[in-house]
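Architecture and fold: a report
Here are the chains, one letter per residue:
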Amino acid sequence: MVGRELDAVVVGAGFAGMYMLHRLRGMGLAVRVFEAGGEVGGTWYWNRYPGARCDVESVEYSYQFSDELQQEWVWSERYATQPEILRYANHVADRFDLRRDIQFDTRVTAASFDEAAGRWRIATGDGAEVSAAFCIMATGCLSSPNRPQFKGLERFQGATYQTGDWPHEGVDFTGLRVGVIGTGSSAIQAIPLIAQQAPHLFVFQRTPNYAVPAQNAPLDPEVQRKVKANYAALRARAKEGRTGLLYPINPLPASAVSAVEQEREYQARWERGGLGFIGSFVDLLVDRRSNESAAEFIRGKIRAVVRDPAVADALSPRSVVGCKRLCVDIGYYETFNRANVTLIDVNRSPIEEIVAGGVRAGGDEYQVDALVFATGFDAMTGALLRIDIRGAGGRTLKEKWAAGPRTYLGVAIAGFPNLFTITGPGSPSVLSNMLPSIEQHVEWIADAIGHLRARGLGRIEATGEAEQRWVAHVNEVANGTLFPSCNSWYIGANVPGKPRVFMPYIGVPPYVQKCNEVAANGYEGFALSA
Ligand SMILES: Cc1cc2nc3c(=O)[nH]c(=O)nc-3n(C[C@H](O)[C@H](O)[C@H](O)COP(=O)(O)OP(=O)(O)OC[C@H]3O[C@@H](n4cnc5c(N)ncnc54)[C@H](O)[C@@H]3O)c2cc1C
């Protein structure tokens, strides 16, 4: 049964879906948002594990579409915690009266383009169906947790937790021996805090990751006042950076300076803390030798902190710094000096199976009462491919993306008219400060819809040719860097069977310029029709 007739359906009520709703409603469209979770916030609704916080500074990790909003909201720390970001998302929902058009606890299961009607039919898990002229996927890049398939898991008698789907009431690990599987960004945030509660913590590490100290602190009200007095200029400056972040990228290549100067720059960035470390020199992500100097600097820090040389060695990555997501930590390496923390290198001692009382790895059994899976996400494509999406002629997105995602600008897909993906594969998304990238996509999509409506048109579709060229360009840019050199989730390497394709686009400024040009040229690369 086809229910309400809508102009647009938005799937997801994280920061992307919330702003999309606000924007389209402001244009007078009838919009319905479906959200699988019970509230707004997306990432910050689901990821409630201990230590969850942003690694982009709070004053940057926030909306800028409303100056009143950015002036009135007060952040308490340099990097906001998950509860604070969730409060912020709820504040935005209240302030812009968003909830009345959001249907919570409702998962979209299918979306198919009805060629005759020129509309999308969207089906939800409760058996209902709606139709809308436009379907906008705000389903998130990191919203489909990667659930591990360990042999024997069903026999485990303790509790299991997934960082990306954490119990709302929190978990008290007091008195519980805990195993954490995974050492990516989430694990690096959670491990120091779990170690303070649990009598013993076993960390099962497959690949060590580079972590730079956050140097987190309460946000000085004076600093915040100055940011707010200057917000527009700061936001504009951030957009000139490769990642859309304010940290400066040193224009000098590491290869052009002495080892002493390299060390000085790395040390200064280390003391400043955060992701800006990767901007120490302009060539870190293109020149292997330069990158190795940064890598060795971090390994030196690990050796200086971690007392047991064997543990320090196991924690030291050998890969390119930054080609996997750089982690930002608060006391991560120090945690391995605690007597109640054991690191198990699963490269040497592979996890054989989960048993009733714990984990068997490398022939040894580790007794645990609780297991925490910090095993990441089926990134960028996972949430989209969980929905049965069928475009013109009934072709499924699964078929189309069998060899990896193909999009035009990461926002549209040839063969799928009137469907948009916010921060989709082929856009800077996860390689950028995501809130400004979300805003840029939302505004571009809203403008495209406005353009159609102003001309009495109803259909927009990326051409196969434009998509082909864009995919080739995304690959060409990636191949000019060190990014594809390691087994990261950016290339789908963390999910068994996932096609290996470098998914995000590198470089915010050229990307935004391209999007603007496409729009200014009457949506070049798109076919527009009635
Ligand atoms: C732990 C963690 C820390 C992060 N820290 C940072 C950071 O510091 N800086 C940064 O820039 N980015 C960070 N990110 C990335 C973060 O995902 C984005 O910044 C941003 O929150 C994404 O917003 P979104 O609305 O696009 O997606 P999400 O927040 O993921 O929201 C998508 C929503 O869609 C819903 N959904 C998905 N599929 C369906 C369906 N079929 N039906 C109905 N609803 C559906 C989901 O339930 C979810 O609520 C982090 C991500 C994680 C996981």
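Residues numbered from 1 in each chain as written. Predicted model: local features only at pLDDT ≥ 70, side-chain atom pairs only at ≥ 80, totals over all residues. Heavy atoms only, no water.

Description of unusual backbone geometry
Backbone geometry at aspartate 97 places phi at a positive 50°, although glycine is not the residue there. Within the chain, threonine 423 stands out as a residue other than glycine whose phi angle is a positive 55°. With respect to the helices, strands and loops of the structure, threonine 423 is situated in the loop between β18 (419-421) and α14 (434-454). Overall, threonine 423 belongs to the buried group, its relative accessible area being 5%. (Helix = DSSP H or I, 4+ residues; strand = E, 2+ residues; numbered from the N terminus. Buried < 20%, exposed > 50% of the residue type's maximum accessible area, 1.4 Å probe, protein only.)

A closer look at the site of the ligand
Taken together, 32 residues are adjacent to the ligand, and Glu35, Thr43, Asp55, Tyr61 and Met434 come closest. A distance of 3.2 Å is found between an oxygen atom of the ligand and a backbone nitrogen or oxygen belonging to valine 56. Protein coverage of the free-state accessible area of the ligand, which is 980 Å², stands at 96%. Of all the secondary structure elements, the ones that give two or more residues to the shell around the ligand are α1 (15-26), α2 (43-46) and α14. If one sorts the elements of the shell around the ligand by residue count, α2 sits on top with 3 residues. The residue inventory of the shell around the ligand, partitioned by class, reads 18 nonpolar, 11 polar and 3 charged. (Near = heavy atom within 4 Å. Polar contact = N/O pair within 3.5 Å; in protein donor to acceptor, adjacent residues only side chain to side chain. Areas by Shrake-Rupley, 256 points an atom, 1.4 Å probe, with all protein chains shown as cover. Nonpolar A, V, L, I, M, F, W, Y, C, P; charged D, E, K, R; others polar.)

What about the pattern of salt bridges?
As a working rule, side chains carrying opposite charge can pair if their charged atoms are close by. Applying the stated criterion across every chain, the model contains 30 salt bridges. Close ionic contact of arginine 459 with glutamate 115 constitutes a salt bridge, the shortest N to O distance being 2.8 Å. Placement of arginine 459 in strand β19 (residues 459-462) and of glutamate 115 in the loop between β4 (108-114) and β5 (119-124) is noted, with a sequence separation of 344 residues between them. Looking at arginine 459, the relative accessible area reads 21%, which means it is partly exposed. Between aspartate 388 and arginine 390 there is a salt bridge, with its nearest N and O atoms 3.1 Å apart. Several salt bridges share partner residues, and in doing so they unite Arg25, Asp97, Arg100 and Asp101 into one network. (Salt bridge = Lys/Arg side-chain N within 4 Å of Asp/Glu carboxyl O.)

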